[in-house]
Structures are given as structure tokens and as C-alpha cells.
Amino acid sequence: MKNHLRAIKEYGDPDKSHIVIVAHGNELHAFSRLNRAAYPDMYEELKALKEAGVTIRVCSNAARSRGYKPDEFYDVITVVPAAVIDLAKWQNEGYSYMYAEMFPRLTREELVKQTIELQ
């Protein structure tokens, strides 16, 4: 995301650019305040993104399927009913969809088992 923001500043038009993150994959684990021990710098990173004008949204369906409640995410994040609806909304407004997930679905319970800092 930082690379995108730098590229917009260097080559684009920051006044006419806006990045929206609609999270619906395993990145949700890093966005939950429950996992701060595993991702200690994430809240500061998310705050910096928000201050840079990035909108951060989380799919409640994806969150629930990974073991999270809406109030377990950082305060810089908006939980939306469904990523598929939110993505379509942004695309209808002219935004492009970029998908970067490369890992199988992981629940919070599985994350805790794998991450010593959360046990």
C-alpha cells in the first residue's frame, strides 16, 4: 500500500486519487486488535494509511468465517455487510479491483495455534 501511495504522489494526481481496501481474506487477522501481539505494528500502520486518505473496510462475512466479531477490529476500520457488495459499489464508482490473497483460509483459532505470541 505504501508503494501505491508513493507512486500516486510521484506519478499520479493525489487530489484525484483514493485507495479503498476491502479486506476479505487472511489479512483480517492483522486488522483485529485481538492479534496485536502477533502484529505489533499493524495499528500504527493502519492509522498512517487512514491519515494518508486510505479507506479501510472489512467484510463481516469473511470476519465471521474466521472467528471474529465486528467490534474486534481496530477503530480505523469500517466493517461492511459483505465484501462482494462493497466491491461492486466501488467498481460502479470507477474504482479498480486488485486481489492479492495467496494463502488458504485461516480461522483465528488456527492462527492462535500457530502463533506463540497469541497463546
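What you see is a predicted model, and the numbers here were worked out from it, not measured in a lab.

About the thresholds
Numbers given for residues are sequential positions, taken from 1 along each chain in its written order. This being a predicted model, a pLDDT of at least 70 is required before a residue's local features are given, and a value of 80 or more before pairs of side-chain atoms are given or counted; all residues contribute to the totals for chains, interfaces and linings. Side-chain descriptors were evaluated using all non-hydrogen atoms of the structure, hydrogens and water having been removed beforehand. Nine residue types can take part in a nonpolar core, namely buried Ala, Val, Leu, Ile, Met, Phe, Trp, Tyr and Cys, and a core is a set of them joined through side-chain atoms within 4.5 Å. Here the term buried applies to any residue with accessible area under 20% of the maximum for its type, exposed to any over 50%, and partly exposed to those in between, with areas from a 1.4 Å probe on protein chains only. Here a strand is any run of E in DSSP of at least two residues, a helix any run of H or I of at least four, and the numbering for each starts at the N terminus. Two residues qualify as a contact provided that any one of their heavy atoms is within 4.5 Å of a heavy atom in the partner residue. We define a polar contact as two N or O atoms separated by no more than 3.5 Å, with the added condition that, inside protein, one atom must be a possible hydrogen donor and the other a possible acceptor, whereas residues neighbouring each other in sequence contribute only through side-chain atom pairs. The directions considered for the arc are those from the helix axis to the C-beta atoms. Any two strands are treated as partners once DSSP identifies two or more bridges connecting them. Think of it like this: strands point away, you trace from the first strand over the helix to the second, and a clockwise trace means the crossover is right-handed. All axes here are fitted lines through C-alpha atoms, helices being fitted over the stretch that makes contact, and every angle between N-to-C directions spans 0 to 180 degrees.

Concerning the nonpolar core
Side chains of a nonpolar character, in soluble globular proteins, are inclined to be buried together. Among the nonpolar cores identified, the biggest contains 31 residues, and Phe31, Ile56, Val58, Phe73 and Ile77 are the most heavily contacted of them. At the level of elements, helix H1 (2-11), strand S1 (20-23), helix H2 (28-31), helix H3 (42-51), strand S2 (55-59), helix H4 (60-65), helix H5 (83-92) and helix H6 (108-114) are the ones that each hand at least two residues to this core. No other element matches S1, which puts 4 residues into this core. Ignoring anything within four residues of it in the chain, the contact list for Val58 reads Ala23, Leu28, Phe31, Ala63, Phe73, Ile77, Thr78, Val79 and Val80.

What about the side chain of Arg57?
Counting through the fold element by element, Arg57 comes out in strand S2. Residue Arg57 is classed as buried on the basis of its relative accessible area of 15%. Within the local environment of Arg57, its side chain forms a polar contact with the side chain of Asp86, the two groups lying 2.6 Å apart. Ignoring any residue separated from it by four or fewer positions in sequence, one finds Arg57 in contact with Val20, Ile21, Val22, Ala23, Ile77, Thr78, Val80, Asp86 and Trp90.

Some details on the environment of Ala83
With respect to the helices, strands and loops of the structure, Ala83 is situated in helix H5. For Ala83, a relative accessible area of 5% gives the class buried. Ala83 sits 22 residues away from Arg105 along the chain, and the two C-alpha atoms are 15 Å apart. Look past the residues within four positions of Ala83 in its chain and what remains in contact with it is Val22, His24 and Cys59.

Points about H3
Here H3 has its buried residues at Tyr43, Leu46 and Leu49. Take H3 and look down its axis: the buried residues cluster within an arc of 125°, on one side only. Residues of H3 that are buried in the fold lie against H1, S1, H2 and S2. Following H3 by one or two positions, Gly53 adopts a phi angle in the positive range, close to 100°.

Considerations on the pairing of S2
When you tally the buried positions in S2, you get 4 out of 5 residues, the bulk of the element. Note that S1 and S2 share 4 bridges and pair parallel. Bridge pairing links Val22 to Arg57 in S2. Where S2 meets strand S3 (residues 78-80), 3 bridges bridge the pair, whose relative direction is parallel. The partner of Cys59 across the bridge, within S3, is Val80. As for the winding sense of the linkage, the β-α-β connection from S2 through H4 to S3 is right-handed.

Re the side chain of Ser32
Turning to its location among the elements, Ser32 is positioned in the loop between H2 and H3. Overall, Ser32 belongs to the buried group, its relative accessible area being 0%.

A look at the sheet that holds S3
Strand order in this open sheet of 3 strands is S1-S2-S3, and the pairing throughout is parallel. Each of the sheet's edge strands pairs with one partner strand only, and the pair in question is S1 and S3. Neighbour-to-neighbour, the strand axes of the sheet open up by a mean angle of 30°, direction not taken into account. Contacting S1, S2 and S3, H5 crosses the sheet at an angle of about 160° to S1.

Taken by themselves, the reported measurements are silent on function.
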